[in-house]
Amino acid sequence: MLFRSIKASYRKGITKPIKYREEQLKALQTCLLDNEIEFRNALREDLHKSEFESVLTELSLVYDEISTALDNLSSWTSSKSQSKAHPKYMWALDSLQLVPEPYGTVLVIAPWNYPVQLALSPIVGAIAAGNAVVLKPSEISKACERVLAALLPKYLDEDTFCVVTGAKEETQKLLEQKFDYIFFTGSTKVGKIVMKAAAEHLTPVTLELGGKSPVIIDDSCDLEQAAQRIAWGKFTNAGQTCVAPDYALILSSLIPRFTEEIKKVITEMFGEDPQQSKDYGRIITQDHFERISGYLSQGEVLYGGHADSEERYIQPTILGSIKQGADVMQDEIFGPILPLIPIESLDEAVSFIVERPKPLALYLFTSKSEVKKKFELETSSGSMLINDTLIHLSCNTLPFGGVGDSGMGAYHGEYSFKTFSHMKPVMHKTTKLEKLNEKFRYPPYDEKKLSHLQTILRYPGKQ
């Protein structure tokens, strides 16, 4: 019933005026500003996120998306002329345009690991493109679900926006509806379920999934800096990040020194006992805790290894000598464990990566341009970052998305607007060509008309 109401409002054209879109984006911005403490507290309750991490990885990214959309909405929504883009002069007198139009009523299904950012960032693009939106936040991050459901309807137009809470049953019911677009962020396993449901209605989808994102460490890099940036990327949010470095491919000769460097960095970041650090997160549920802590015995613990079930705490951990066929190298870890996989050459690293499903991100630490080019050309991933981790997510002039098992489609900034827009081709044909002998295209045909056709089309065939 709620879905039909939202869809009916969209059909009335409520969401299409630019002024309305701007009002809704500003209302979302105000919601965040008015209730920042509530959002921070919810993130602390769900994931033990610090104030700094909540601002850096959640709230600031949404603010930036909203500001970018408001600054550029007029340009994004304008029709784009294609008249000069076609080399054939047969279109010279015609108006060729791409006109962005909203898909309609869209469903955004958000995950639990960044429950504010990954719920609201896609919504910014959907609203900017002129869609009506149904949001399904994750029921796993309970505090954030509660806050989103309570606050958003107070600021956004309830005729064209709603939040649906609940678990698997509610999500399944939503997927049975004929949405015009579905945007899903979550696991590859659930992504397949979403895509199958969407196929029943031929609904287009964006799937933001995960995978085992590798980090490659070359002997030419600044190893101290690499350890610091890898540790930050791996242990932010206790490793519960879709683009966290999942494992490290490192030249075997570098392992002893790298291990010492990353031990030092972890201590600098979180102290001698990370369990006491206000800046170190917790695992979201007991089930996830049991799964991740089970990996601790699948290799040699080079650092860390402590787990506390009562607090759902797992110490930042470095694993070496991984057991053959271990689950830790089969499944996405999604936790604070970094396996070190020794390699003897960069060719070996390339082979290791391409033999596995395409990752969401690939990280490379090197100072050599030829090594950078090698991995650009010989591997495939949703994105690639040189000499850092995670930080590419905050650059919304770049698209963010996966490839293959790590997803399809992309968003952020203008790419979000385009994701939620159908770029409709519109041709306005001149009425003057009949007077200029365009009648050659109508039967009956003869050799003279064929010759004229080949000239106009620049057709290279026999004349």
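Residues numbered from 1 in each chain as written. Predicted model: local features only at pLDDT ≥ 70, side-chain atom pairs only at ≥ 80, totals over all residues. Heavy atoms only, no water.

Q: Quick question: what am I supposed to make of the pairing of strand S2 (residues 95-102) here?
A: One face of the sheet, then the other: side chains in a regular strand alternate in exactly this way. Where strand S1 (residues 80-81) meets S2, two bridges bridge the pair, whose relative direction is antiparallel. Its bridge partner being in S2, Ser81 is matched across the sheet by Gln97. Here S2 runs beside strand S18 (residues 421-428); their pairing, made up of eight bridges, is antiparallel. The residue bridging Ser95 from the neighbouring strand is His428, located in S18. (Pairing = 2+ DSSP bridges. Helix = DSSP H or I, 4+ residues; strand = E, 2+ residues; numbered from the N terminus.)

Q: What am I meant to see in unusual backbone geometry here?
A: For residues that are not glycine, phi is negative in most cases, and the peptide bond is trans in most cases. In the segment running from Pro443 into Pro444, the intervening peptide bond is cis, with an omega of 0 degrees. Relative to the elements of secondary structure, Pro444 occurs in the loop between S18 and helix H15 (447-457). Despite not being glycine, Arg312 shows a phi value in the positive range, around 55 degrees. Along the chain, Arg312 falls in the loop between strand S11 (307-308) and strand S12 (313-314). Of the residues examined, Arg312 reaches a relative accessible area of 24% and is grouped as partly exposed. In this model, His412 sits at a positive phi of 100 degrees, which is unusual for a non-glycine residue. Examined against the element boundaries, His412 turns out to sit in the loop between strand S17 (407-408) and helix H14 (414-419). (Buried < 20%, exposed > 50% of the residue type's maximum accessible area, 1.4 Å probe, protein only.)

Q: Just to check I follow, could you spell out empty space enclosed by the protein for this structure?
A: Empty space left among the atoms is revealed by rolling a probe the size of a water molecule over them. What the rule picks out here adds up to three cavities of 30 Å³ or more. The space that makes up the largest cavity amounts to roughly 80 Å³. In terms of lining residues, the largest cavity is bounded by Thr15, Tyr20, Arg21, Gln24, Ile127, Gly130, Asn131, Val133, Thr160 and Phe161. Looking at the lining of the largest cavity, the element that brings in the most residues is helix H2 (residues 18-34), giving three residues. Considering only residue class, the lining of the largest cavity consists of four nonpolar, five polar and one charged. (1 Å grid on protein atoms, 1.4 Å probe; cavity = no way out; pocket = protein on both sides within 12 Å on 5 of 7 lines; lining within 4 Å. Points joined across faces, edges and corners; volume = space filled by probe spheres on them. Nonpolar A, V, L, I, M, F, W, Y, C, P; charged D, E, K, R; others polar.)

Q: Would you explain the pairing of strand S16 (residues 383-386) in this entry?
A: Residues Ser383 and Leu385 line the buried face of S16, whereas the alternating positions Met384 and Ile386 sit on a face that is not buried. Of the crossover connections in this fold, the one passing from strand S15 (residues 361-365) over helix H13 (residues 369-378) to the parallel S16 is right-handed. (Right-handed = clockwise from strand over helix to strand, strands pointing away.)

Q: Would you take a moment to explain the side chain of Arg282 for this structure?
A: Along the polypeptide, Arg282 turns up in the loop between helix H10 (255-270) and helix H11 (286-293). In terms of polar contacts, Arg282 uses its side chain to reach the backbone carbonyl oxygen of Gln275, at 2.8 Å. Sequence-distant contacts of Arg282, that is, excluding residues within four places in its chain, are made with Leu47, His48, Ala238, Gln240, Gln275, Glu311, Arg312 and Tyr313. (Polar contact = N/O pair within 3.5 Å; in protein donor to acceptor, adjacent residues only side chain to side chain. Contact = heavy atoms within 4.5 Å.)

Q: Sorry, what's going on with the environment of Leu96 here?
A: Looking at where Leu96 falls in the secondary structure, it is placed in strand S2. The buried category is assigned to Leu96, whose relative accessible area is 11%. Once residues lying within four places of it in the same chain are set aside, the contact partners of Leu96 are Lys80, Ser81, Gln82, Ser83, Trp91, Val426 and Met427.

Q: Sorry, what's going on with the packing of H2 against helix H6 (residues 142-155) here?
A: Two quantities define a packed helix pair, namely the angle between the helix axes and the distance between the axes. Axis separation between H2 and H6 bottoms out at 9 Å; the angle between their running directions is 135 degrees. Classified by the angle between their axes, H2 and H6 sit oblique to one another. Pair H2 / H6 crosses with right-handed handedness. Judged by residue contacts, Ala27, Leu28, Thr30, Cys31 and Asp34 of H2 engage Leu151, Leu152 and Tyr155 from H6. Tallied by class, the residues present in the contact of H2 with H6 amount to six nonpolar, one polar and one charged. (Axes fitted to C-alpha atoms, helices over the stretch in contact; angles between N-to-C directions. Parallel < 35°, antiparallel > 145°, perpendicular 65-115°, else oblique. Left-handed = near helix turned anticlockwise from the far one by under 90°.)

Q: So what exactly am I meant to see when it comes to the packing of aromatic side chains here?
A: Two aromatic rings, taken as a pair, are described by how far apart their centres are and by the angle between their planes. All chains considered together, the criterion is met by 11 aromatic pairs. With 5.0 Å between their ring centres and 65 degrees between their planes, Phe270 and Tyr280 make a pair best called edge-to-face. Separated by 10 residues along the polypeptide, Phe270 in helix H10 and Tyr280 in the loop between H10 and H11 bring together distant segments of the chain. Exposure class is identical for Phe270 and Tyr280. Each is buried. Every member of this aromatic cluster is reached through a ring pair, and the members are Tyr103, Tyr181, Phe183, Phe400, Tyr411 and Phe420. (Phe/Tyr/Trp six-rings, centres within 6.5 Å; stacked < 30°, edge-to-face > 60°.)

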